[in-house]
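The chain contents come next:
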2 protein chains.
Amino acid sequence: MTGKVTIKDVAKAAGVSEATVSRALTHSPRVKRDTRQKIQNIANNLGYHPNGLARSIRLQHTHTLGVIIPDILNAFFTKLSRVIEDAADKAGYDVVLVNTDESLAKEANALSLLLEKQVDGIIITSAGGPTKYTDILGNTPAVFVDRMPPVTGQLAYDRVLVDNIQGTRAVVTELIHQGAQRIGIINSAVSFTATERMTGYREALTQAGFEPDAAIEATARTDNSNVQQMTRQLLVNQKCDGLFVADNTIMEEVLRKLPALDLPPIHLGGFDDQDWFDFLPQPIVTARQPIAQLGQTAIDRLLAKIDDPDLLPEEIRLAATTISR
Amino acid sequence: MTGKVTIKDVAKAAGVSEATVSRALTHSPRVKRDTRQKIQNIANNLGYHPNGLARSIRLQHTHTLGVIIPDILNAFFTKLSRVIEDAADKAGYDVVLVNTDESLAKEANALSLLLEKQVDGIIITSAGGPTKYTDILGNTPAVFVDRMPPVTGQLAYDRVLVDNIQGTRAVVTELIHQGAQRIGIINSAVSFTATERMTGYREALTQAGFEPDAAIEATARTDNSNVQQMTRQLLVNQKCDGLFVADNTIMEEVLRKLPALDLPPIHLGGFDDQDWFDFLPQPIVTARQPIAQLGQTAIDRLLAKIDDPDLLPEEIRLAATTISR
DNA sequence: GTGAAAGCGCTAACAG
DNA sequence: CTGTTAGCGCTTTCAC
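Keep in mind that what you see is a predicted model, and the values were worked out from it rather than measured.

### Section: the overall build of chain A
Within chain A one finds twelve helices and twelve strands. Relative to a compact globule of 325 residues, whose C-alpha radius of gyration would be 20 Å, chain A shows 25 Å and is clearly more extended. Overall size of chain A, expressed as C-alpha extent along the three principal axes, is 85 × 45 × 30 Å. Counting all 325 residues of chain A, 52% fall into the buried class. Summarising the internal contacts of chain A: among those between residues at least 6 apart in sequence, 67% fall at separations of at least 24. Side-chain charges of chain A comprise 33 positive and 39 negative groups, with the mean position of each set lying 9 Å from the other.

Structure follows, in structure tokens:
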């Protein structure tokens, strides 16, 4: 904290009151042209930057939004956060972003941090625990994006989600069209996502006349440390000729294992697209999330809620696009 | 901003003064055990969260650091920012991150924003303009990372940089060892990085007995819109059998163009490594930046400077690792 | 058009 | 051990 030049210094240098400096710098109309001009010059020369904390405390809002995500290193969240920042910026809001690494404890800390920073609203990818968001948030507006907490009755917040069932079903169906006869799944450890994606996977199989088989339904650990082993299990031991993978972090581990298995080409599909999948020798079918709309919609809803606290919460589902290669 | 329960409410509910609440909650030793206990309970029940703005304004520091990078979507900066956040967190600091998209105007805005937020220090990847950082920053501690501004005399700030010359030279040399006879370069638009990496490229050629040739030295636009065309120019028209690419964003465009050219395998090298390069049919030699150390060192220096404003600025160079595939 | 004064929520002397 | 008071930097009535 610079602790340096304040409005008082500017006022003194300009020979006016602090009030006038404030008015001049906030473009209030009630200031004479040359007074304003003079004050602005002096402020510049002095290198004056208004103290945003003082202003916010006075104005009772920060024009800052909080964003809580699991991990910025996950390409999906990298993109999502960028979209959110751009949308927020366009609306005149700053953004503070925090990672939770899927940890409930870190999520709780993140929430406290943002609340103490007095953010005007929060966008959150729920870590999925039994967290009582209403108790913690008080009446700070919030919207859930990508995942929502386990529902117990009415959820007081908006949620902007992708249609996981439809997206997954489409990918698995495409794999079947490509000729896959036995498609395994490596599912996510994230319960909200996992449940929905599992449903889509099973629906696609059933619709095509295949019987879901628990022996080829695996779940990745949060750190994906068992994925390579699962890959071998499904493709070698269980003789799957197709594999659906529930997110991009799992996919990376699968791709890392694949060459070592030295198998004939398999039918590979997954949730989340990455641009570099285009470069792989192995074609991948993916459900690409509508990240831009996800972020924009979340911001839109949040701002609407900030504007009108009585706005009723909604659930918004956006469709994923199937990318065939 | 919740505008809700304040220290005053807690004080009233507990039947004590605001000062006592403050002391109880900040773990000051001068409070009776049960008083503290009672206050903590009441605070919890009321859902009290201290107003960080008020506290910061009073304490004259925010325990918040600002980070300015070009683009979080660039994997190098994604990783760097995560490392910085973790290191800052460990030291008890929050982080506010801003993207500039290599724009001088946005960099100026970012600086203002952070200064108004009263951050205790700033880590910045300079956009490279003639910006007078000293004038803007006043005595807010700052350190440059990855790039520093054009030097005019003494630079008042620490800088933590990678050894671009060494890194580039090593990659190009490796390409030559692999048998490349004519290695072109597609350089970055970022002047600081570009200058150093060009030097490394030419040094490697010269050392190996090749003559640098301006006809095969190209520069990417900031948005990389000309990279695919340059790729064709160098590999087809100029018949290069090797290519050095100055950063990971350029590399992606090159990879996108390569298949269409339908050439025999070329010797490909670049600055910045990405994990997924492992999966490509085309082996790539890279200079991998020591991102973790870069971030940690930057934070260390910044905190040191915050601690002791008289600390003399240094330039720290870290070596890149050559990854051969 | 401008100044004086109050107050946002908090902590740090200073008393007691 | 606890209460009173002042003040951080700013904006905003309310006067003039």
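### Let's talk about the protein's contact with DNA strand D
Ile7, Tyr48 and Arg58 of chain A together with Thr20 and Arg23 of chain B are the nearest of the 27 residues found near DNA strand D. At 2.7 Å from a base nitrogen of DNA strand D is found a side-chain nitrogen or oxygen belonging to Arg23 of chain B. If one sorts the elements of the surface near DNA strand D by residue count, helix H4 (residues 52-59) of chain A sits on top with five residues. The residue makeup of the surface near DNA strand D, split by class, is eleven nonpolar, eight polar and eight charged.

### Considerations on the sheet that holds strand E8 (residues 242-245) of chain B
All names here are of chain B. One open sheet holds the six strands; their spatial order is E7-E6-E8-E9-E10-E12, and the pairing between them is mixed. Among the strands making up the open sheet, the edge pair consists of strand E7 (217-219) and strand E12 (321-323). Ignoring strand direction, the axes of neighbouring strands in this sheet form an average angle of 15 degrees. Contacts from helix H10 (residues 227-237) reach strand E6 (183-187), E7 and E8 within the one sheet, and its direction differs from that of E6 by about 165 degrees. Seen against the sheet, helix H11 (residues 248-261) touches E6, E8, strand E9 (267-271) and strand E10 (284-288) and runs at an angle of roughly 155 degrees to E9.

### Details of the nonpolar core
Grouped together as the largest cluster of nonpolar side chains are 84 residues, with contacts concentrated most on Leu255 of chain A together with Leu255 of chain B. When near neighbours in sequence (up to four residues on either side) are disregarded, Leu255 of chain A contacts Leu268, Trp276, Phe277, Leu280 and Ile284 of chain A together with Phe279 of chain B. In this structure, Val67 of chain A together with Ile123, Ala298 and Leu318 of chain B belong to the second largest nonpolar core, which totals 49 residues.

### Description of H10 of chain B
Residues and elements named next belong to chain B. By the burial criterion, the buried members of H10 are Val227, Met230, Thr231, Leu234 and Leu235. Projected onto a plane normal to the axis of H10, the buried residues spread over an arc of 110 degrees and lie on a single side. The secondary structure elements touched by the buried residues of H10 are E6, E7, E8 and H11. In the segment just after H10, Lys239 is the residue with positive phi, at about 55 degrees.

### What to know about the UniProt feature "domain: HTH lacI-type" (unreviewed entry) in chain A
Residues annotated by UniProt as "domain: HTH lacI-type" (unreviewed entry) correspond here to residues 5-59 of chain A. Across residues 5-59 of chain A, helical content stands at 69% and strand content at 0%; the span's end C-alpha atoms are separated by 21 Å.

### Quick notes on the packing of helix H1 (residues 7-14) of chain A against helix H2 (residues 18-25) of chain A
Residue and element names in this part refer to chain A. It is the contact of H1 with H2, at a shortest axis distance of 8 Å, that shows an interaxial angle of 100 degrees. Classified by the angle between their axes, H1 and H2 sit roughly perpendicular to one another. In contact with Ile7, Lys8, Val10 and Ala11 of H1, H2 contributes Glu18, Val21 and Ser22. A per-class count over the contact of H1 with H2 returns four nonpolar, one polar and two charged.

### What about the side chain of Asp146 of chain A?
Residues and elements named next belong to chain A. Within the secondary structure, Asp146 is located in the loop between strand E4 (142-145) and strand E5 (158-162). Among the polar contacts listed, one links the side chain of Asp146 to the side chain of Arg147, at a separation of 3.4 Å. Beyond its immediate stretch of four places on either side in the chain, Asp146 contacts Phe76, Phe77, Thr125, Val160, Leu161, Phe192 and Gln289.

### Side note on the pattern of salt bridges
Evaluated as defined, the whole model comprises 38 salt bridges over all chains. The shortest N-O distance in the salt bridge between Asp94 of chain B and Lys117 of chain A comes to 3.3 Å. Placement of Asp94 of chain B in strand E2 (residues 94-99) and of Lys117 of chain A in the loop between helix H6 (104-116) and strand E3 (121-124) is noted, with the two residues assigned to different chains. The salt bridge partner of Asp278 of chain A is Arg256 of chain B, with a shortest N-O separation of 2.9 Å. Separated into two different chains, Asp278 of chain A in the loop between strand E9 (267-271) and strand E10 (284-288) and Arg256 of chain B in helix H11 make up a pair that spans both. In this structure Asp278 of chain A comes out as partly exposed when scored by relative accessible area, which is 41%. Judged by its relative accessible area of 32%, Arg256 of chain B falls in the partly exposed class. Several salt bridges converge on common partners, so that one network encompasses Asp71, Asp101 and Lys106 of chain A together with Arg82 and Asp86 of chain B.

### Things to note about the domain arrangement of chain A
The accessible area lost on association of the parts is a frequent measure of interface size. On domain assignment, one finds that chain A holds domain 1 (7-50), domain 2 (64-162 + 291-317) and domain 3 (164-288). Each of domain 1 of chain A and domain 3 of chain A has a C-alpha centre, and these two points are 63 Å apart.

### A closer look at the environment of Leu261 of chain A
All names here are of chain A. As for its position among the elements, Leu261 is in helix H11 (residues 248-261). Of the residues examined, Leu261 reaches a relative accessible area of 11% and is grouped as buried. Here the alpha-carbon distance between Leu261 and Arg232, two residues 29 residues apart in the chain, equals 7.1 Å. When neighbours within four sequence positions are excluded, Leu261 is seen to be in contact with Thr231, Arg232, Leu235 and Val236.

### Some remarks on empty space enclosed by the protein
Inspection of the entire model under this criterion finds three cavities of 30 Å³ or more. Size it by volume and the largest cavity reaches roughly 50 Å³. Surrounding the largest cavity, Ile72, Ser81, Glu85 and Leu97 of chain A together with Ile72, Ser81, Glu85 and Leu97 of chain B form its lining. Looking at the lining of the largest cavity, the elements that each hand over two or more residues are helix H5 (75-90) of chain A together with helix H5 (75-90) of chain B. In terms of residue class, the lining of the largest cavity is made up of four nonpolar, two polar and two charged.

Thresholds, definitions, all that
Residues numbered from 1 in each chain as written. Chains lettered and ligands numbered in written order. Predicted model: local features only at pLDDT ≥ 70, side-chain atom pairs only at ≥ 80, totals over all residues. Heavy atoms only, no water. Helix = DSSP H or I, 4+ residues; strand = E, 2+ residues; numbered from the N terminus. Rg over C-alpha atoms; globule rule 2.2 N^0.38 Å. Buried < 20%, exposed > 50% of the residue type's maximum accessible area, 1.4 Å probe, protein only. Contact = heavy atoms within 4.5 Å. Lys, Arg positive; Asp, Glu negative; His and termini not counted. Charge placed at Lys NZ, Arg CZ, Asp CG, Glu CD. Near = heavy atom within 4 Å. Polar contact = N/O pair within 3.5 Å; in protein donor to acceptor, adjacent residues only side chain to side chain. Nonpolar A, V, L, I, M, F, W, Y, C, P; charged D, E, K, R; others polar. Pairing = 2+ DSSP bridges. Axes fitted to C-alpha atoms, helices over the stretch in contact; angles between N-to-C directions. Core = buried A, V, L, I, M, F, W, Y, C linked by side-chain atoms within 4.5 Å. Arc of directions from axis to C-beta. UniProt positions renumbered as here; feature names shortened; annotations may be inferred. Parallel < 35°, antiparallel > 145°, perpendicular 65-115°, else oblique. Salt bridge = Lys/Arg side-chain N within 4 Å of Asp/Glu carboxyl O. Domains from an automatic or database assignment. 1 Å grid on protein atoms, 1.4 Å probe; cavity = no way out; pocket = protein on both sides within 12 Å on 5 of 7 lines; lining within 4 Å. Points joined across faces, edges and corners; volume = space filled by probe spheres on them.

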